[in-house]
Structures are given as C-alpha cells and as structure tokens.
Amino acid sequence: MIAFLSGLVRDLRENSAVLLVSGVGYELLCPASTLGRLTLNAPAELHTRLVVREDSMTLYGFLDTDSLRLFDLLTGVSGIGPKLALALLSAMPPSALAQGLLSADTALLSSVSGVGKKTAERLVLELQNKVPEHLAAGSAGKGAGAAAVVSTAGRDAVDALLALGFRDAQVRAVVAELLSQDVALSADALIRRGLGKLR
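Presented here is a report on the structure given in the accompanying data block. This one's a predicted model, so the numbers in the text were calculated from it and none came from an experiment. Each chain has its residues counted from 1, running along the sequence as written. In keeping with the predicted nature of the model, local features appear solely for residues at pLDDT of at least 70, side-chain atom pairs appear and are counted solely at 80 or more, and the whole-chain, interface and lining totals rest on all residues. As a rule here, side-chain values come from all non-hydrogen atoms in the structure, and water together with hydrogens is ignored.

Let us now look at helix α6 (residues 117–127). Summary of the burial criterion: residues with accessible area below 20% of their type's maximum are buried, those above 50% are exposed, and those between are partly exposed, where the area comes from a 1.4 Å probe applied to protein chains only. By the criteria applied, helices consist of DSSP H or I runs no shorter than four residues and strands consist of E runs no shorter than two, each listed in order from the N terminus. For α6, every residue scored as buried is listed here: T119, A120, L123, V124 and L127. Seen along its axis, α6 keeps its buried residues to an arc of 140°; they face one direction. Set apart from the buried face of α6 by more than 90 degrees, the exposed residues are K117, K118 and L125. Here a residue-residue contact requires only that any non-hydrogen atoms of the pair lie within 4.5 Å. Packed against the buried residues of α6 are α2 (65–75), α3 (82–91), α4 (94–102) and α5 (106–110). The directions from the helix axis to the C-beta atoms are what the arc is built from.

Along the chain, T34 falls in helix α1 (residues 32–35). Look at T34 and you get buried, because its relative accessible area is 1%. Residues in contact with T34, not counting those within four places in the same chain, are L46, G61, F62 and L63.

The next point concerns the packing of aromatic side chains. Stacked, tilted and edge-to-face are the three classes assigned to paired rings of Phe, Tyr and Trp, where Trp is represented by its six-membered ring and a pair needs centres within 6.5 Å; plane angles under 30 degrees give stacked, over 60 edge-to-face, the rest tilted. Using the criterion set out here, one finds two aromatic pairs in the structure. Centroid distance F62 to F71: 5.0 Å. Interplanar angle 50°. Geometry classified as tilted. For the pair shown, F62 and F71 are each scored as buried. Three or more aromatic residues link up through ring pairs in this structure, and these residues are Y60, F62 and F71.

Strand pairing follows a simple DSSP-based rule, namely that at least 2 bridges must link the two strands. Bridge count between strand β1 (residues 4–12) and strand β4 (residues 43–53): five bridges; the pairing is antiparallel. Looking at the pairing, L8 lines up with P43 of β4. Inspection of the sheet shows β1 paired to strand β2 (residues 16–21) by four bridges, in the antiparallel sense. In the strand pairing of β2, L12 is matched with A17. With antiparallel pairing between neighbouring strands as the criterion, β1 and β2 make up a hairpin whose turn holds three residues.

Bringing the pattern of salt bridges into the picture now. Here, a salt bridge means any Lys or Arg side-chain nitrogen found within 4 Å of an Asp or Glu carboxyl oxygen. The full count for this structure, using the stated rule, is four salt bridges. Close ionic contact of E27 with R13 constitutes a salt bridge, the shortest N to O distance being 3.3 Å. Placement of E27 in strand β3 (residues 24–29) and of R13 in the loop between β1 and β2 is noted, with a sequence separation of 14 residues between them. In this structure, D64 and R37 form a salt bridge, with 3.9 Å as the shortest nitrogen-oxygen distance. Of the two residues, D64 is situated in the loop between β5 (56–62) and α2 and R37 in the loop between α1 and β4; the sequence distance between them amounts to 27 residues.

Buried within α2 are the following residues: S67, L68, L70, F71, L73 and L74. Where α2 is buried, its residues meet β4, β5, α3, α4 and α6. At the N-terminal end of α2, a side-chain oxygen is found 3.3 Å from the backbone nitrogen of D66, two or three residues along, and the residue is D64. Two N or O atoms form a polar contact when they lie within 3.5 Å of each other; inside protein one atom must be a possible hydrogen donor and the other a possible acceptor, and for residues adjacent in sequence the pair counts only when both atoms belong to side chains.

Around the barrel, which closes on itself, the five strands sit in the order β1-β2-β3-β5-β4 with mixed pairing between neighbours. If you compare each strand with its neighbour and ignore which way they point, the axes differ by 55° on average. Pairing of β4 with β5, which is carried by seven bridges, proceeds in the antiparallel orientation. Of the residues in β5, the one forming a bridge with R53 is S56. Here an angle of 0 to 180 degrees is reported between the N-to-C directions of two axes, which are lines fitted to C-alpha atoms, with helices fitted over the stretch in contact.

Another aspect to go through is the environment of L68. Here L68 lies in helix α2. Judged by its relative accessible area of 11%, L68 falls in the buried class. Taking the C-alpha atoms as reference points, L68 and L46, separated by 22 residues in sequence, lie 9.8 Å from one another. With sequence-adjacent residues up to four places away left out, L68 is seen in contact with H47, T48, R49 and F62.

Okay, structure coming up:
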C-alpha cells in the first residue's frame, strides 16, 4: 500500500496532478480543493489511496488526512464509488461535508451533482455515527444553518464564476478554499474574493 508520495508537481490537469517522485511520474486523481493548492514545479506531499479494479489501478491524492479519511468513509458506502466521493470532496471543504453528514443535512449532500435524495439519505444513514466529530470542527460554532449556507452560497458562487469562463476545477478549488477559511461567507463575497484569486 502506498501511504503517501512526496515529489515535484510536474503537471496539473482538470481532475488530476502528476507528481514526479524519484524519476517516476505518478498521476493522482484529486479533489478540486487539493488541485487548487498545488503549484507547478513546486514540492508537494500527497496522502494517497490506491483503488484496484479488474481493469485498472488508480491512485487518489489528498493534501490533508481529513480528506483522505472522508474519502475512505464515503467509498465504504454501497453504491458510492471514488468518482462520486471526489465530487463530494470537491464541492465543499472536508469540515462542511463532515458537518453535513453529522447533522443529517440531506439537502446539502444532494446539492452535489450526481447525489440524489436517496443517495444522500443512505450516506447519512451509514456514516452519521462513523464520522469523527473533530472533522467537522471547521464548521462548529457557526450556527445550525452553517452547512446550508455552504450549499447555497458556494453553489451560487461556483455558477457565477463558471459563467465568466473560468475552468471548473479551478473555480471549485478556490471556492472550497475560501469556505474552508470562513464557512459563513456570502455568495457575493465568495465571487469577489474568488475573482481576486483566479485573475
């Protein structure tokens, strides 16, 4: 099992990064929040998970262990594959996702593309008692509606920035980063700050 890889970021793609480690380039599929914090030709260390299927071996990479822990929990749910787990982790910060699971916020979860109401309910049913409370620390103390604010404001900001022509992965990464710093930011504030980072 590969626990982590440490090397130089040689390429950043729509959904993945290529890490040069001892002369070998490893492609890792990553959530938008991780891709947005990587810099070309700069060193990086990614926590990894290797998913082996009959016809493929795929590496997934995460800058923090919280994201990796949530990825493992999500993919442990029946019907939730790595692709959908990455979509959930790309749509919001790990703390907001953990808070959504702990508070049974199916509206937040089902706001993510590919996650229907039944899937959101199954995620809550299977993970509500498995998600460590410390993972939601970033959202704690901000009021009962904090997760809903993430959903509405974050989604509106992403839509607005995409309409301006920015790349999907970049937009989601920037919005996720801003929300990880302050989950209560309004859509307007997210758009203004996002433009500053994207330009």
